[in-house]
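Descriptive analysis of the structure
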Amino acid sequence: MDLFKFSVKTSIFLIVTLVLSPFYFLILLTFYRWRERIGPKLVQFYSKIYLIIFRVHIEEVRNYEILKKMRKGILIISNHTSFLDIFVLSSIFGSVFVSKSEVKYYPVIGQIAWLMGSVFLNRNSSRERLKLIKTIANACSDRILVVFPQGTTSRVTEQLPFNRGIFKVIELNPEISILPVTLHYREDAEIAWHKPQSFRENAMSVSAQDIIHVKVIVHNPVSIDDYREKTSAEVCRMVEQIVLEPLKICCISR
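About the criteria used
Residues numbered from 1 in each chain as written. Predicted model: local features only at pLDDT ≥ 70, side-chain atom pairs only at ≥ 80, totals over all residues. Heavy atoms only, no water. Phe/Tyr/Trp six-rings, centres within 6.5 Å; stacked < 30°, edge-to-face > 60°. Helix = DSSP H or I, 4+ residues; strand = E, 2+ residues; numbered from the N terminus. Buried < 20%, exposed > 50% of the residue type's maximum accessible area, 1.4 Å probe, protein only. Lys NZ or Arg CZ within 6 Å of the ring centre and 35° of its normal. Axes fitted to C-alpha atoms, helices over the stretch in contact; angles between N-to-C directions. Parallel < 35°, antiparallel > 145°, perpendicular 65-115°, else oblique. Left-handed = near helix turned anticlockwise from the far one by under 90°. Contact = heavy atoms within 4.5 Å. Nonpolar A, V, L, I, M, F, W, Y, C, P; charged D, E, K, R; others polar. Patch = residues over 30% accessible without salt bridge, like charges linked within 9 Å, V, L, I, M, F, W, Y side chains within 5 Å. Areas by Shrake-Rupley, 256 points an atom, 1.4 Å probe, with all protein chains shown as cover. Salt bridge = Lys/Arg side-chain N within 4 Å of Asp/Glu carboxyl O.

Re the packing of aromatic side chains
- The full count for this structure, using the stated rule, is nine aromatic pairs.
- Ring geometry for tyrosine 50 against phenylalanine 87: centres 3.7 Å apart, planes inclined by 10°, an arrangement best described as stacked. Within this pair, whereas tyrosine 50 is found in helix H2 (residues 35–53), its partner phenylalanine 87 is found in helix H4 (residues 84–93), the two being separated by 37 residues in sequence. The residues tyrosine 50 and phenylalanine 87 share a single accessibility class, namely buried.
- Here the aromatic cluster, defined as three or more aromatic residues joined through ring pairs, consists of Phe13, Tyr46, Tyr50, Phe54 and Phe87.
- Of note, arginine 35 hangs over the ring of tyrosine 32, and the distance from its end group to the ring centre comes to 4.0 Å.

Next comes the structure, spelled out in structure tokens:
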């Protein structure tokens, strides 16, 4: 039964992707000059379809009004549970993502991500990581960018620490605001992608769910004022606590 659900949902996803891709390419190439503005809207629409296919229900977006009061130049810092996170955040915020460099070479999806201005990271190069921080500092100026500072997905119970490097971004561009966001899936134990599980195994677990419930919590932003007399590492720990604390409470209440 799980294999059947996986096959059906994956097939629908691939069909939708193949149907939309030519239109997305055409739109992004035709309006190349404005692709970084148009691209996130296209992916937002795609993400909403994806969530319908995999039956992901966003139960609540708590404190969304905080985002409405913010100007452009937003860096969302979120915990990372599943490949679903990208589609959940994109559907709500119309955001662009920092992705590993390999994604750039994925057929169709990689090219569209590149056209719309996604930021790519080579994890094996310290020089590239420094270059990435500078790129993000510039890329955040007029759009919403998402980073998962844990670097990989995990279950709520694992609580992986945040990497502090990304928090230097705001020192390079004080106009940026960091927006901490917490993602909590009711079915976390079933859908979280964790070692040694393969992507296919995790995708089958996700597809097996009749419905997936997720709550999104938007926290108060962190600005350059919060960096006064603090190191990047201290700000990292502060944001980490803000994002992960609601998940600790959920674990205790179970």
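Read on for the rest.
Section: the packing of H2 against H4
- The interhelical angle for the contact between H2 and H4, taken along N-to-C directions, is 125°, at an axis separation of 8 Å. If you check the angle between H2 and H4, you find them oblique. As for how H2 packs across H4, the hand of that crossing is left-handed. From H2, Val43, Gln44, Tyr46, Ser47, Lys48, Tyr50 and Leu51 reach across to H4, where they touch Leu84, Phe87, Val88, Ser90, Ser91, Ile92 and Phe93.
- Here the contact of H2 with H4 is built from residues that sort into nine nonpolar, four polar and one charged.

So, the side chain of serine 91
- Turning to its location among the elements, serine 91 is positioned in helix H4.
- On the basis of relative accessible area, serine 91 is assigned to the buried category, the value being 9%.
- Ignoring sequence-local partners within four residues, the contact set of serine 91 consists of Gln44, Ser47, Lys48, Leu51 and Ile58.

A word on the side chain of asparagine 173
- Following the sequence through the fold, asparagine 173 ends up in the loop between helix H7 (169–172) and strand S6 (177–185).
- The class for asparagine 173 is buried, based on a relative accessible area of 13%.

Describing a nonpolar patch on the surface
- Nonpolar side chains collect at one region of the surface, where Phe4, Val8 and Ile12 lie side by side and expose about 260 Å² of accessible area between them.
- Structurally, isoleucine 12 can be placed in helix H1 (residues 2–30).

Overview of H4
- Counting buried residues in H4 gives nine out of 10 residues, a clear majority hidden from the surface.
- In the stretch just after H4, glycine 94 is the one whose phi turns positive, near 60°.

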